[in-house]
Amino acid sequence: MTSYSSSKKLPYIGLLAFPAIGMGFHLVSPLWTALCGFAALFLLYFLTRARYSHLLLLGVWGAGIIAYAITLSWLPQVIQVFAEFSITLAIVSAIAMYSVGALQFVVFFFLLVRLRSLFLTRYALTLPCSWLAAEILFPQYIPWSLGSLFLYLPILPSAAELLGVSLVGFLAFWWSQVLLSQLANLKQRHPASLGAVLTLFATVALSAYRSYDLPLQAKNAPSLTVGLVQGNLDPLRDFSPERLEANLNRYRHLSAGLLRESSLDLLIWPESSVGHDYFVGQKNVVRGTETDPFPGLHVMHLFGGQLRARINSGGKPEYWMAAHLMNPAGDFLGQYRKRLLFPFSERIPGQDMLPILSRLNKSTYRLLAGSEELPLTLFTKAGTRATLAVAICFEDLQSWPTFQLQQRKPIQLIVTLSNDNWFLDSIAAEQHNFLASWRAIEFRRYLVRATNDGYSTLIDPEGRVKQSLPVAEEGSLLLKNTPLISGVTLFSIVGDLPLQFFAVAVVILALFRRGRYVAESKKI
């Protein structure tokens, strides 16, 4: 392999890895997404041979900004429309978010250079450890992991049930670096080759076990028959007080076919499907009154709406985005309040630290973030208890909301209520469904996604879409006998906490290391 001294331009090839990652998330294709992931693994190998320079550091940051711009190409338009910014301010805001997010790659490169000459290099661990630490510890606006690019591959995704999708990325990095290092020196066996082979066989064994065990668990588990309704409401026209009753009538009409199914246990409408104000502490809705979402409904009903605080502050009414579970009598069996608010459209980043930023929010109301939420529980027609972990909108992009619910009460099904029509005609809805699939793998649960315009899907514990509705069309989908799987995975017990400790140890090792890094930096 060409050394740094023989070609100072060689490490710059590694910068192409970051746009490759961005393209992988932009394309969301079983073939191209994986190919982009492999290309990134190959290209990043060149960075392992780079000495530190300010120019290369700026190059990493710039390439990271490009990666974010490719992945989140829809962000400026969304900010413009829903934060009511001018197009110029929306673009500036988006670039600011790209730039902050891309600092993750700067941290990665810093760690890579600091750790390069330690014993980690001998075992091809410098690159995977550096990436893992930056990925785990750096705060992300839109959570993504390089391991996510390998969702469509066999075998590798199963490792996510151990310590999450970041472990998948770590293994992919390590195996690729061992392979490339071995190819660079075929005359001598790489010191880490045995470890890489053993972990590969362990991952194959885990995948084979999951493939054998999951059908048995699904067959022996109790089940829940679910009906999903996709209203395909226009975000620029239909979400107004004047359209409230018309929207409800559309959802009621689309639900009619589902209600003819005698085994139906639960009817689900997506985020923001019901525009009535329900208040904190409200125990029920009188059937047939104005605020009744579905008069005469004879099954359990889970729907997205709003929950209003009884006391307002700052002159603006305060709300939580919420999921409401209602029984046929109109009683609220539980409510889940959204905990993660989307930047700019639902909250202005940094407004808690700098209150003056809240002036950018021209909304007539204020959204609050939920806390200390619990899973929602209902009983099927067969008398079986079903415990649901609910996520609203992009909460299913992260593991910790579902993990916290699992810690408070063991869950049997993950349900997402979303309205991806807010992202207009973009790749965002497909990206959302793609990234959310990892929650099914991590917790070994079925994932039901009810959205306004798509993707409304049933995803199995291997991350595969089993049923879905067409995108950007109204319709309904019956999910018969959806398994309510019990049991735990290692991830559902400890989450990615071991990886967090490991990442902190990597950072400490890099920060307190002396010697070669300083000497090399002074030569440039």
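Predicted model only: the values in this text are computed from it and were never measured.

1. Things to note about the packing of helix 7 (residues 126-137) against helix 15 (residues 497-511)
Packing of helix 7 against helix 15 leaves a shortest axis separation of 9 Å and a crossing angle of 115°. Crossing geometry of helix 7 relative to helix 15 is assigned as left-handed. Residues Cys129, Leu132, Ala133, Ile136 and Leu137 of helix 7 form the contact with helix 15, whose participating residues are Leu499, Gln500, Phe502, Ala503, Val504, Val506 and Val507.

2. Thoughts on the packing of aromatic side chains
Tallying each qualifying case throughout the model produces 19 aromatic pairs. Summarising the aromatic geometry, the rings of Phe170 and Phe502 are spaced 6.3 Å apart at their centres and angled 85° between planes, so their arrangement reads as edge-to-face. Highlighted residues: Phe170 in helix 9 (residues 165-184) and Phe502 in helix 15, separated in sequence by 332 residues. Look at Phe170 and you get buried, because its relative accessible area is 16%. Here a set of aromatic residues connected by ring pairs shows up, and it is made of Phe18, Tyr68, Phe105, Phe108, Trp131 and Phe173. Here Arg337 stacks its cationic end above the ring of Trp320, 4.8 Å away from the centre of that ring.

3. With respect to the nonpolar core
Grouped together as the largest cluster of nonpolar side chains are 126 residues, with contacts concentrated most on Phe18, Ile268 and Leu302. Here this core gets 12 residues from one element, more than from any other, and that element is helix 5 (residues 87-115). Core analysis: the second largest hydrophobic core is formed by 25 residues, Leu259, Trp269, Tyr278 and Ala309 among them.

4. Digging into a nonpolar patch on the surface
Judged by side-chain polarity, Met23, Leu27, Leu31, Trp32, Leu35 and Phe38 come together as a nonpolar surface patch covering roughly 550 Å² of accessible area. Of all elements in the fold, only helix 1 (17-27) and helix 2 (32-47) reach the threshold of two or more residues within the nonpolar patch. For the nonpolar patch, the leading source of residues is helix 2, giving 3 residues. Mapped onto the fold, Leu35 is located in helix 2. Residue Leu35 is classed as partly exposed on the basis of its relative accessible area of 40%.

5. A closer look at the pattern of salt bridges
One pass over the structure, following the stated rule, counts 19 salt bridges. A salt bridge links Lys338 to Glu271, with the nearest nitrogen and oxygen atoms 3.8 Å apart. Taken as a pair, Lys338 in the loop between strand 6 (332-337) and strand 7 (366-368) and Glu271 in the loop between strand 2 (266-268) and strand 3 (277-279) lie far apart in primary sequence, 67 residues in all. With respect to class, Lys338 is no different from Glu271; both count as buried. Among the charged side chains, a network of salt bridges with common partners joins Glu161, Arg210, Asp213 and Arg444.

Rules of the game
- Residues numbered from 1 in each chain as written.
- Predicted model: local features only at pLDDT ≥ 70, side-chain atom pairs only at ≥ 80, totals over all residues.
- Heavy atoms only, no water.
- Axes fitted to C-alpha atoms, helices over the stretch in contact; angles between N-to-C directions.
- Helix = DSSP H or I, 4+ residues; strand = E, 2+ residues; numbered from the N terminus.
- Left-handed = near helix turned anticlockwise from the far one by under 90°.
- Contact = heavy atoms within 4.5 Å.
- Phe/Tyr/Trp six-rings, centres within 6.5 Å; stacked < 30°, edge-to-face > 60°.
- Buried < 20%, exposed > 50% of the residue type's maximum accessible area, 1.4 Å probe, protein only.
- Lys NZ or Arg CZ within 6 Å of the ring centre and 35° of its normal.
- Core = buried A, V, L, I, M, F, W, Y, C linked by side-chain atoms within 4.5 Å.
- Patch = residues over 30% accessible without salt bridge, like charges linked within 9 Å, V, L, I, M, F, W, Y side chains within 5 Å.
- Areas by Shrake-Rupley, 256 points an atom, 1.4 Å probe, with all protein chains shown as cover.
- Salt bridge = Lys/Arg side-chain N within 4 Å of Asp/Glu carboxyl O.

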